[in-house]
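What follows is the residue order along each chain.
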Amino acid sequence: GQQVMQIPQYQHVQEGEDFTTYCNSSTTLSNIQWYKQRPGGHPVFLIQLVKSGEVKKQKRLTFQFGEAKKNSSLHITATQTTDVGTYFCAGILGFGNEKLTFGTGTRLTIIP
Amino acid sequence: DTGVSQDPRHKITKRGQNVTFRCDPISEHNRLYWYRQTLGQGPEFLTYFQNEAQLEKSRLLSDRFSAERPKGSFSTLEIQRTEQGDSAMYLCASTIDRTLQETQYFGPGTRLLVL
């Protein structure tokens, strides 16, 4: 089974409300990446976090990497209809490992 | 278009038939990954290549699956004797190997339906 879990699995929000998805790994991650997949589309890279406690912002999106490098979060402020999709975190588990392990994803739908 | 391309985009086949998918990575990318994604799940790693060398295979990759990247450019993924459980989206991704912490660029995927 997948070792990287995300909650919630689904989130329905009113347009303009905030949204947060949480990513938790059973093992330490050397980095964490976030991807967005639109319905019917393929994953598109959003950002990568490497350092413990790192915070990065992209316009309305804020990404955090936990101090222990086992968890991460993505927060979207004032959601818009264009934010619809499934958000996946993906990490490299441990060190010396060279493949990404994807999380279970959070599917965001927006109520206009 | 200089992105990752995959062919075909959709494939319907009968159980027991063989299928082959192709992935053309971004030209300067030397790493190529194959993933499988089923409905409601995240992509699951299958295998990856560094140039023409296949460096790792997942336990998900049964002996009915084989992947090649003969010249270090495009790659093929073949599934022999397909089963209904093979129905999924097969995604290819490529990256340039500067560090271990590189981002991956995904292709549009091949959606396989086994009847």
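The preceding data block contains the structure.
For every chain, the first residue of its written sequence is number 1, and the numbers climb from 1 along that sequence. To label them, take the chains in the order written and letter them from A, then take the ligands in the order written and number them from 1. Under the rules for a predicted model, residues below a pLDDT of 70 receive no local features and side-chain atom pairs below 80 are neither given nor counted, while totals for whole chains, interfaces and linings still include all residues. No hydrogens and no water enter the side-chain calculation; it runs on all heavy atoms of the structure.

J.: Help me understand the sheet that holds strand β1 (residues 5–7) of chain B, please; the structure alone is not making it clear to me.
T.: All names here are of chain B. Here, a strand pair is defined by DSSP locating no fewer than two bridges between the strands. Runs of E in the DSSP output that reach at least two residues are strands. Runs of H or I that reach at least four are helices, and both are numbered from the N terminus. Strands sit in the order β1-β3-β8-β7 across an open sheet of four strands; the sheet is antiparallel. The sheet is open, and its two borders are formed by β1 and β7 (65–68), each paired with just one other strand. Strand-to-strand twist across the sheet, computed as the mean angle between neighbouring axes with direction ignored, equals 15 degrees. Looking at chain direction, strand β3 (residues 19–24) and strand β8 (residues 75–79) are connected through five bridges and run antiparallel. Considered in β8, the bridge of Cys 23 is made with Ser 75. To get an axis, fit a line to the C-alpha atoms, keeping to the stretch in contact for a helix; angles then go from 0 to 180 degrees between the N-to-C directions.

J.: So what exactly am I meant to see when it comes to the environment of Ile 110 of chain A here?
T.: All names here are of chain A. As for its position among the elements, Ile 110 is in strand β11 (residues 106–111). To sort residues, take the accessible area from a 1.4 Å probe on protein chains only and compare it with the maximum for the residue type: under 20% means buried, over 50% means exposed, and anything in between is partly exposed. Taking the relative accessible area as the measure of exposure, Ile 110 reaches 12% and is therefore buried. In this structure the C-alpha to C-alpha distance between Ile 110 and Thr 81, which are 29 residues apart in sequence, comes to 5.8 Å. Apart from the residues lying within four places of it in its own chain, the contact partners of Ile 110 are Val 13, Gln 14, Glu 15, Thr 79, Gln 80, Thr 81 and Val 84. It only takes one pair of heavy atoms within 4.5 Å for two residues to be counted as in contact.

J.: What's the story with the interface of chain A and chain B in this structure? I'm lost.
T.: One frequent convention defines the size of an interface as the accessible area lost when the parts assemble. Listed by partner, the interface residues are 20 residues for chain A and 21 residues for chain B. Computed with a 1.4 Å rolling probe, the buried area is the accessible surface lost when two parts are put together, summed over both parts. Carbon and sulfur atoms supply 51% of the area buried between chain A and chain B, which totals about 1,800 Å² over both sides. Among the residues of chain A in contact with chain B, His 42, Glu 98 and Lys 99 of chain A are the three that bury the most area, contributing 31% of the side total. What counts as a salt bridge is simple: a side-chain nitrogen of Lys or Arg found within 4 Å of a carboxyl oxygen of Asp or Glu. When the shortest N-O distance is used, the salt bridge between Lys 99 of chain A and Glu 56 of chain B registers 3.1 Å. Two N or O atoms count as a polar contact when they lie within 3.5 Å, although within protein this holds only if one can serve as hydrogen donor and the other as acceptor, and sequence-adjacent residues are included solely when both atoms are side-chain atoms. There are three residue pairs in polar contact (both at pLDDT 80 or more) connecting chain A and chain B. Elements with a contribution of two residues or more to the side of chain A that touches chain B: β4 (29–37), β5 (44–49), β9 (85–93) and β10 (100–102) of chain A. In terms of residues, the side of chain A that touches chain B owes the most to one element, β4 of chain A, which gives five residues. Each residue is assigned to one of three groups, with Ala, Val, Leu, Ile, Met, Phe, Trp, Tyr, Cys and Pro labelled nonpolar, Asp, Glu, Lys and Arg labelled charged, and all others, Gly among them, labelled polar. When the residues that make up the side of chain A that touches chain B are grouped by side-chain class, the tally is eight nonpolar, 10 polar and two charged.

J.: Even after reading the chapter, I still don't get the packing of aromatic side chains, so can you show me in this structure?
T.: Residue and element names in this part refer to chain A. Between the rings of Phe, Tyr and Trp (Trp by its six-membered ring), a pair exists once the centres lie within 6.5 Å; its type follows the angle of the planes, with under 30 degrees stacked, over 60 edge-to-face, and the other angles tilted. This model, assessed by the stated rule, comprises 14 aromatic pairs over all chains. Between Phe 88 and Phe 102, the aromatic rings sit 6.3 Å apart at their centres with planes inclined by 80 degrees, giving edge-to-face as the arrangement. Of the two residues, Phe 88 is situated in strand β9 and Phe 102 in strand β10; the sequence distance between them amounts to 14 residues. Taken individually, Phe 88 and Phe 102 each receive the classification buried, so the pair is uniform in this respect.

J.: Explanation requested: the state of the cysteines in the structure shown.
T.: Two cysteines, two sulfur atoms, one covalent bond between them: this is a disulfide. Residue and element names in this part refer to chain A. The definition used for a disulfide is geometric: two cysteine sulfur atoms within 2.5 Å. A full pass over the atoms with the stated rule returns two disulfides over all chains. The disulfide that involves Cys 23 links it to Cys 89, with 2.0 Å between the sulfurs. Where Cys 23 bonds to Cys 89 through sulfur, the torsion about that S-S bond is close to 75 degrees, and the disulfide is right-handed. Here the residue Cys 23 occupies a position in strand β3 (residues 19–25), and Cys 89 occupies one in strand β9, the gap between them amounting to 66 residues. Neither Cys 23 nor Cys 89 differs from the other in exposure class; each is buried.

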